[in-house]
Amino acid sequence: MERAALVRSLSCSSRYLCRSCSSFSFSSTISTISTTTKPSSILRNPLLLRRRHSSIRLPLSSSSPLLYFRNRNRNHFSTSRASLVSSPDISGGGEVVKDEVARELGFEKVSEEFITECKSKAVLFRHLKTGAQVMSVSNNDENKVFGIVFRTPPNDSTGIPHILEHSVLCGSRKYPLKEPFVELLKGSLHTFLNAFTYPDRTCYPVASTNTKDFYNLVDVYLDAVFFPKCVDDLQTFQQEGWHYELNHPSEDITYKGVVFNEMKGVYSQPDNILGRAAQQALFPDNTYGVDSGGDPRVIPNLTFEEFKEFHRKYYHPSNSRIWFYGDDDPNERLRILSEYLNMFDASSAPNESKVEPQKLFSKPIRIVETYPAGEGGDLKKHMVCLNWLLADKPLDLETELALGFLNHLLLGTPASPLRKVLLESRLGDAIVGGGLEDELLQPQFSIGMKGVSEDDIHKVEELIMSTLKKLAEEGFDTDAIEASMNTIEFSLRENNTGSFPRGLSLMLQSIGKWIYDMNPLEPLKYEKPLQDLKSKIAKEGSKSVFSPLIEKFILNNPHKVTVQMQPDPEKAARDEETEKQVLQKIKASMTTEDLAELARATHELRLKQETPDPPEALKTVPSLSLQDIPKEPIRVPTEVGDINGVKVLQHDLFTNDVLYTEIVFDMSSLKQELLPLVPLFCQSLLEMGTKDLTFVQLNQLIGRKTGGISVYPFTSSVQGKEDPCSHMIVRGKAMSGRAEDLYDLVNSVLQDVQFTDQQRFKQFVSQSRARMENRLRGSGHGIAAARMDAKLNAAGWMSEKMGGLSYLEFLQTLEKRVDEDWADISSSLEEIRKTVFSKQGCLINITADGKNLANMDKFVSKFVDMLPTSSPIATTNIWNARLPLTNEAIVIPTQVNYVGKATNVYDAGYKLNGSAYVISKYISNTWLWDRVRVSGGAYGGFCDFDTHSGVFSFLSYRDPNLLKTLEVYDGTGDFLRELEIDDDTLTKAIIGTIGDVDAYQLPDAKGYSSMLRYLLGITEEERQRRREEILSTSSKDFKQFIAAMEAVKDKGVVVAVASPEDVEAANKELANFFQVKKAL
Ligand SMILES: [Zn+2]
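Quantities reported herein were computed from a predicted structural model and do not represent experimental measurements.

**Description of the overall build of the protein chain**
- What the protein chain contains, in helices and strands, is 42 helices and 28 strands.
- Against the compact-globule benchmark of 31 Å for 1080 residues, the protein chain has a radius of gyration of 28 Å, which places it among compact chains.
- With respect to the principal axes defined by its C-alpha atoms, the protein chain has extents near 80 × 65 × 65 Å.
- Partitioning the intrachain contacts of the protein chain with sequence separation of at least 6 by distance along the chain shows that 82% fall at a separation of at least 24.
- Just so you have it, the protein chain exposes about 35700 Å², and 50% of that area is on carbon and sulfur atoms.

In structure tokens, the structure reads:
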């Protein structure tokens, strides 16, 4: 799993990496180790938006690290519409807007161009009255995208842009309900719906494949940004931003607010603190010197007046950039916009919102920060990061492309020299700093390490500098250049943006320049600069291209900030204490009347939050009708065959000549005690090297010949069965012409890799430990969910051993064992290989164009014939392993909690019906959203139903509460009991669920989902039945679900990842409710 996560995020070919490659920066190629500027967003999908700090509302599946091998996601019932595939084959279609039509609507055409790279026609319009700029991109992609972006540079760290981003989605002129945004989440077919705050801009994107739905979304967003209710409504500001909460005059005052708690969570994570400190020190004189997300210590300084003024000034058409993309009618786009834009006159905002560049320093500086650490005696807890501001103005595209390339060469893969040298030095556990960052006006470069002992800080710095100096002097080797070039080209051409709409990926790249008044189309046109760079390298040699860049931008650049981070075990408690004292002082300064008034206001706010919108208001949000929904899931073409005794699934889909393949091995006979070694085993396969090839050579070979290979475990419960489904999956992709190379390389990886490099293995262990610790702080809900699953079923127990708290505990002791007992570990790795990789129980999945599929047999049969025929150590496990069913609190240094409660509702007698999808989504979007997020002040609260195992879980995210949240969970049955759901609401809930089930998928994802369904025994008949059940969900089904919710209440097991203070208080209140486990 670790490896899978690593490969997906580190290789340029990753599914989740559209932006990096196409924006020429490739900087997100090392996004897992990135710490720099992260935009905030109202929802969270960390896989797609790693660089944005944000929060959760999506189902667990999208955020849980376990998801790489747990299979909770609902796509197994999904119907991907075969016709809609957005292959790269999108030719510039669509109509053309005539000049007169544009003029009539109030626009003038500024430019018109066909972009070969994305096969689209791009027309830039200017709104005559306001100067608003509109990019209208037309092609055959049915996944239509709209976005409106404002320049919103803040002057302080009160988080105004971020709070405003949340607040404008809380009701508007035409849609006067509490949260139209949530209504859209509930009842639209959106393929994307979110909002993000960057350090200098705020972005509101939506996407849908259904034209009617798309325009509905656009209208709600336009009304929200231009005419939000929040500017007249103090209570929205209080709810989303901050307010004093006082339930009774005799109690203590506390701070509450969604953004306030979101940012407290951010400021509990050392990597985030480091990134923020670095950015602020690099840009002391401009807007990047403050935190647009908001510093929890500063947020309470923000007044409602300032908030309103910020909206008035910056949320104006003159200060906006608007993007349309897809196969809809471009005339209609302008018509919709004209209704809004024509209501405004030009403003001076564009001048006021200009981002001033930071002047370069004449000499380097150094800063020291502290972060909240656990009390553990480990001294290796320091962090150090070197950061450079590369230029005092934006760079030209050619230089930026070359820097992106250089960044990939230095850090892009485990074999990249800078990354390799740092990790091999053993001076620290893992790398921090994201390498090149070019999303802001001026590009930066950051690199450092964490898990460093205080004495070694200078050694890390010296090593970084000496390695860069050496690389500037000696250059990179030819194979490395070729591997990077192939990786980058492959991913540009594949343009695989995963579940992220392609049009949105293009928009974000374009905005990166457009927002600074540069040419918005230039970032999309990579072909020529790429060819120029290639021929320059061919003619002059790579050294003459890259050495001057290293010298100029890094070695001889005085604008350098060294950030050193010290662990402070008392910091979390001290911050809490400081906050308490401030609040006590405030309370002391209040009169009895003030306090009574505050208690009244608190009550009033809660009452408002808990009162449902009136039906008339709800009706204003446009929705589709059930007639608009296809009745059948459209199948992914799947042919099941057999090649030399191995099952082969083939999916004939248009992939633009790319071959996607998975080779799946049965893992069920693996000895249980070997499970925690599996993730490290997977990493070793790709990063240890073979008899003939060093790991660097092996990596370069993979980079040169393929689009990437990854290996990871996958486990899931299977509905109706005791035994879990557990597999090891090897995923690979390449151009079809390289099929033989791909299968040969996979074969080498599986059979020739030698588990002999003790030192490298030790690095894997410490990197994994650092990553798990980070996950515990940043995604504690995933850890809590895994822990609950481990108590409830065997698949969960296995997953937890390979990615939960048990895994972290295993890693914490493994480092020592590697020194003392390497021979034993090495032979265990060998044993895993012998047990798992066998022709027996192997399955091969292939997704490619029909003509290429036809040629695949010979390569596959050669590959299959090379596999060992039987596993010598086949033991049959009895999978009854579970963790004890006790309530647990996993204690970490944090200011916010993650609270979970779960049980197996099948055991309680619930029988799966498709309506469960509708009902659990409804519970998340109403009851939990209102109580856990809106009035509870957590960043997120949701439930997740794993239909394979029957485990129903409640989870909260960055939650200020603990026991109170459990009360909300326990109230779900009563909520359903009192619920009177009308037809409109029900229809919306059904449509929203279909939107999830029909999640938009690129061809590789379709082939992959189809394979998972095959492994889990989900038939087409079952998919059809579930869909019918979803479509016919009635209020009776909601009532029948009450028993399941009561089962969670009565029998549920609780796991929380929480602060020591909150756990202590909870155990006082409910005598020893939690068994306490210290984790950090
Ligand atoms: Zn947010």
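From this point, the discussion proceeds with the structure in view.
**Digging into the coordination of the zinc ion**
- Donor atoms from the polypeptide that bind the zinc ion are His162 (NE2), His166 (NE2), Glu262 (OE), Glu262 (OE) and Tyr939 (OH), placed at 2.0 to 2.8 Å.
- Linear spacing of the donor residues for the zinc ion on their chain is H-x3-H-x95-E-x676-Y. Here Glu262 lies in helix H9 (residues 258–266) and His166 lies in helix H5 (residues 160–167), a separation of 96 residues in the sequence. When sorted by exposure, His166 lands in the same class as Glu262, which is buried.

**Quick notes on the pairing of strand E13 (residues 382–389)**
- The buried count for E13 comes to eight of eight residues, which makes it a mostly enclosed element.
- Because side chains alternate across E13, one face comprises the buried residues His382, Val384, Leu386 and Trp388, and the other comprises Met383, Cys385, Asn387 and Leu389, equally buried.
- In this sheet, strand E15 (residues 444–452) lies alongside E13 in antiparallel orientation, the contact comprising eight bridges. Residue Leu386 lies in a different strand from E15, and its bridge partner there is Ile447.
- Taken together, the six bridges between E13 and strand E16 (residues 560–568) define a ladder with antiparallel strand orientation. Across the sheet, residue Asn387 finds its bridge partner in E16, namely Val561.

**Overview of the UniProt feature "domain: Peptidase M16C associated" (unreviewed entry) in the protein chain**
- Per the UniProt entry, the sites bearing "domain: Peptidase M16C associated" (unreviewed entry) are residues 565–814 in this numbering.
- The annotated region residues 565–814 carries 52% helix and 18% strand content, and the separation between its end C-alpha atoms amounts to 26 Å.

**Details of the side chain of Asp998**
- Position of Asp998 relative to the elements: it lies in the loop between helix H37 (983–997) and helix H38 (1003–1015).
- Since its relative accessible area comes to 7%, Asp998 is described here as buried.

**So, unusual backbone geometry**
- Although it is not a glycine, Lys119 sits at a positive phi angle of roughly 45°.
- Within the fold, Lys119 resides in the loop between strand E2 (107–115) and strand E3 (120–127).
- With phi around 45°, Arg958 is a residue other than glycine that occupies positive phi space.
- Structurally, the position occupied by Arg958 is in the loop between strand E26 (951–957) and helix H35 (963–970).

**Quick word on helix H33 (residues 857–866)**
- Among the residues of H33, those classed as buried are Phe859, Val860, Ser861, Phe863 and Val864.
- Along its buried surface, H33 packs onto strand E17 (639–643), strand E18 (646–652), strand E19 (658–666), helix H26 (739–751) and strand E22 (843–848).

**With respect to the packing of aromatic side chains**
- One pass over the full model with this rule turns up 46 aromatic pairs.
- Residues Tyr204 and Tyr221 carry aromatic rings whose centres are separated by 6.2 Å and whose planes lie at 80° to one another, so their mutual orientation is edge-to-face. Highlighted residues: Tyr204 in strand E8 (residues 201–208) and Tyr221 in helix H7 (residues 211–226), separated in sequence by 17 residues.
- Note on Tyr204: relative accessible area 0%, which makes it buried.
- Ring geometry for Phe945 and Phe952: centres 5.8 Å apart, planes at 45°, overall tilted. Each member of the pair, Phe945 as well as Phe952, carries the same accessibility label: buried.
- Pairwise contacts between aromatic rings join Phe150, Tyr204, Tyr221, Phe226, Phe227, Tyr315, Tyr340 and Phe344 into one cluster.
- Positioned above the aromatic ring of Phe227 is the side chain of Arg173, whose terminal nitrogen or guanidinium carbon lies 4.2 Å from the ring centre.
- Over the face of the ring belonging to Tyr1008 we find Arg731, whose NZ or CZ atom lies 4.1 Å from the ring centre.

About the cut-offs
- Residues numbered from 1 in each chain as written.
- Predicted model: local features only at pLDDT ≥ 70, side-chain atom pairs only at ≥ 80, totals over all residues.
- Heavy atoms only, no water.
- Helix = DSSP H or I, 4+ residues; strand = E, 2+ residues; numbered from the N terminus.
- Rg over C-alpha atoms; globule rule 2.2 N^0.38 Å.
- Contact = heavy atoms within 4.5 Å.
- Areas by Shrake-Rupley, 256 points an atom, 1.4 Å probe, with all protein chains shown as cover.
- Donors = N, O, S within 2.8 Å, 3.2 Å for Na, K, Ca; no water.
- Buried < 20%, exposed > 50% of the residue type's maximum accessible area, 1.4 Å probe, protein only.
- Pairing = 2+ DSSP bridges.
- UniProt positions renumbered as here; feature names shortened; annotations may be inferred.
- Phe/Tyr/Trp six-rings, centres within 6.5 Å; stacked < 30°, edge-to-face > 60°.
- Lys NZ or Arg CZ within 6 Å of the ring centre and 35° of its normal.

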